[in-house]
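Architecture and fold: a report
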Amino acid sequence: MTTTNLKATGTGPALRLLSLGAGVQSTTVLLLACEGAIPCFDVALFADTGWEPRAVYANLNRLTAHAERHGIPVRQVSAGNIRADALDPRHRFVSMPLHTLNPDGTRGLARRQCTSEYKIAPLKKAARELLGYPHPRRVPRGVYAEQAIGISTDEFTRAKDSGLRFLRNVFPLIDLGFDRARCMEFLAERGFGETVKSACVGCPFHGNAGWRWVRDHDPLGWAEAVEFDRAIRHGYPRATTQGQELRGQYFLHRSCLPLDQVDLDAPPKTNRHLRLVTAEAALGADAAEEGDPDGCSPWSCRSGEPAPGERAA
């Protein structure tokens, strides 16, 4: 990645970046920049976990061509393939928020480190390199990149600062008053109405609607998720091969049943419309149907808090 040493000017950001998940909100932000409705980005960065739905990668390819015609390069950054790494006994253990069934019948949730490791870390590394100060070089005070995050008005509580002096988060959709429904209208008007939610195929925070979508629209992804679910039943290979036997059982689905045995078509316990993973969906539904409301957007979920010492980086 090309880097340039930038001096502090005190007049604003040295770079304008977009954290691009290629889902509904961040796609809207990128198209707004292409149309000149918001300031242009120097680079749009897609943090690739290696296990996104194929529809997300197809949208990313289309966005890349579209954005580059408008002078905005799209770059992919990655810390590895989350599915392959989790199943590799030689790879360092990184926890996903798997649902746990304890020996006494109680349920819990494993630690959530995946967003920090597979999204925040590569984005932070890329921002440093683009500024011209790769780790461990210290970024001078006053030099920073402005990073746009696709958080809409209905999710304003997820808008968080990066906790880093050299990376300042901004939220164009909130500034413009765009909620998710307005984003979907905007995308449909521009031929991007089939944009789907960006989340790992095997994310344990999927609700039934999300799992149904994977099953019905991404059969290869569904087969991978079912296989992965079986493979992690007694913990990650890294832990078990090192003699760290884990108590209980681990599951991708919140019911703590094998994924291919869950009745994903059971009627939801709500009279409201469902919010599906497609851009055609409406808002509403309970957590079992809808999934975790936090999502996995960098700096916008529970695992996105700055680690100790990061603020001084």
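Residues numbered from 1 in each chain as written. Predicted model: local features only at pLDDT ≥ 70, side-chain atom pairs only at ≥ 80, totals over all residues. Heavy atoms only, no water.

Some thoughts on the sheet that holds strand β5 (residues 107-109)
Applied cut-off: One bridge is not enough; two strands pair if DSSP finds at least two bridges between them. Working definition: helices are DSSP H or I runs of at least four residues, strands are E runs of at least two. Numbering for both runs from the N terminus. Only the stretch in contact is used when a helix axis is fitted, and all axes are lines through C-alpha atoms; the angle between N-to-C directions ranges over 0 to 180 degrees.
Across the sheet, which stays open at both edges, the three strands sit in the order β5-β4-β8 with antiparallel pairing between neighbours. For this open sheet the edge positions go to β5 and β8 (249-251), each flanked by a neighbour on one side alone. On average, each strand axis in the sheet is inclined to that of its neighbour by 30 degrees, with strand direction left out of account. In this sheet, β5 lies alongside strand β4 (residues 99-101) in antiparallel orientation, the contact comprising three bridges. If you follow His99 over to β5, its bridge partner there is Leu109.

Quick look at the pattern of salt bridges
In plain terms, the rule: Here, a salt bridge means any side-chain nitrogen of Lys or Arg that lies within 4 Å of a carboxyl oxygen of Asp or Glu.
The full count for this structure, using the stated rule, is 15 salt bridges. Glu68 is paired through a salt bridge with Arg75; the nearest N and O atoms lie 3.5 Å apart.

Describing the packing of aromatic side chains
Ring pairs (aromatic) are described by centroid distance and by the angle formed between their planes. For the record, the criterion: For Phe, Tyr and Trp, rings pair up if their centres lie within 6.5 Å, where Trp contributes its six-membered ring, and each pair is then called stacked (planes under 30 degrees apart), edge-to-face (over 60) or tilted (otherwise). Think of it in three bands: residues with accessible area under 20% of the maximum for their type are buried, residues over 50% are exposed, and the middle band is partly exposed, with areas taken using a 1.4 Å probe on protein chains only.
Across all of its chains, the model carries four aromatic pairs by this definition. Measuring from ring centre to ring centre gives 6.3 Å for Phe46 and Tyr57, while their planes differ by 70 degrees; the resulting arrangement is edge-to-face. Note that Phe46 is positioned in strand β2 (residues 43-47) and Tyr57 in helix α2 (residues 54-69), a separation of eleven residues in sequence. Here Trp211 and Trp222 contribute two aromatic rings whose centre-to-centre distance is 6.4 Å and whose plane-to-plane angle is 70 degrees, an arrangement assigned as edge-to-face. Placement of the pair is Trp211 in helix α7 (residues 208-217) and Trp222 in helix α8 (residues 219-231), with a sequence separation of eleven residues. Trp211 gets classed as buried once you look at its relative accessible area, which sits at 0%.

Description of the confidence of the model for the chain
The criterion, for reference: Each residue carries a pLDDT score, the predictor's confidence in it, ranging from 0 to 100. Throughout, a contact is declared for two residues whenever any of their heavy atoms are within 4.5 Å.
With 81% of its residues at a pLDDT of at least 70, the chain reaches an overall mean of 85. A low-confidence stretch, residues 2-9 (pLDDT under 50), is modelled with 23 contacts involving residues beyond four sequence positions or located in other chains. Scored below 50 in pLDDT, residues 271-285 shows 50 contacts in the model against residues more than four places distant or in partner chains.

As for the nonpolar core
So the rule is basically this: We define a nonpolar core as any set of buried Ala, Val, Leu, Ile, Met, Phe, Trp, Tyr and Cys residues linked to one another through side-chain atoms lying within 4.5 Å.
One finds Leu18, Leu20, Leu30, Phe41 and Ile72 to be the most contacted residues of the largest nonpolar core, which totals 54 residues. Elements with a contribution of two residues or more to this core: α1 (24-34), β2, α2, α3 (82-87), α4 (114-131), α6 (180-189), α7 and α8. Looking at which element gives the most residues to this core, the answer is α1, with seven residues. With 20 residues, the next largest nonpolar core counts Val43, Val77, Ala127 and Leu131 among its residues.

Overview of the environment of Ala159
Here Ala159 shows up in the loop between β6 (145-148) and β7 (167-170). In this structure, Ala159 is in contact with Ile151, Phe171 and Ile174, ignoring residues within four places of it in sequence.

Quick notes on the sheet that holds β7
Spatial strand order, β3-β2-β1-β6-β7: five strands in an open sheet with parallel pairing. Each edge of the open sheet is held by one strand with a lone partner, namely β3 (74-77) and β7. Within this sheet the neighbouring strands show an average axis-to-axis angle of 30 degrees, counted without direction. Taken together, the four bridges between β2 and β3 define a ladder with parallel strand orientation. In the sheet register, Ala47 faces β3, and the bridge partner there is Val77. Along the sheet face, α1 touches β1 (15-19), β2 and β6 and points at about 145 degrees away from the line of β1.

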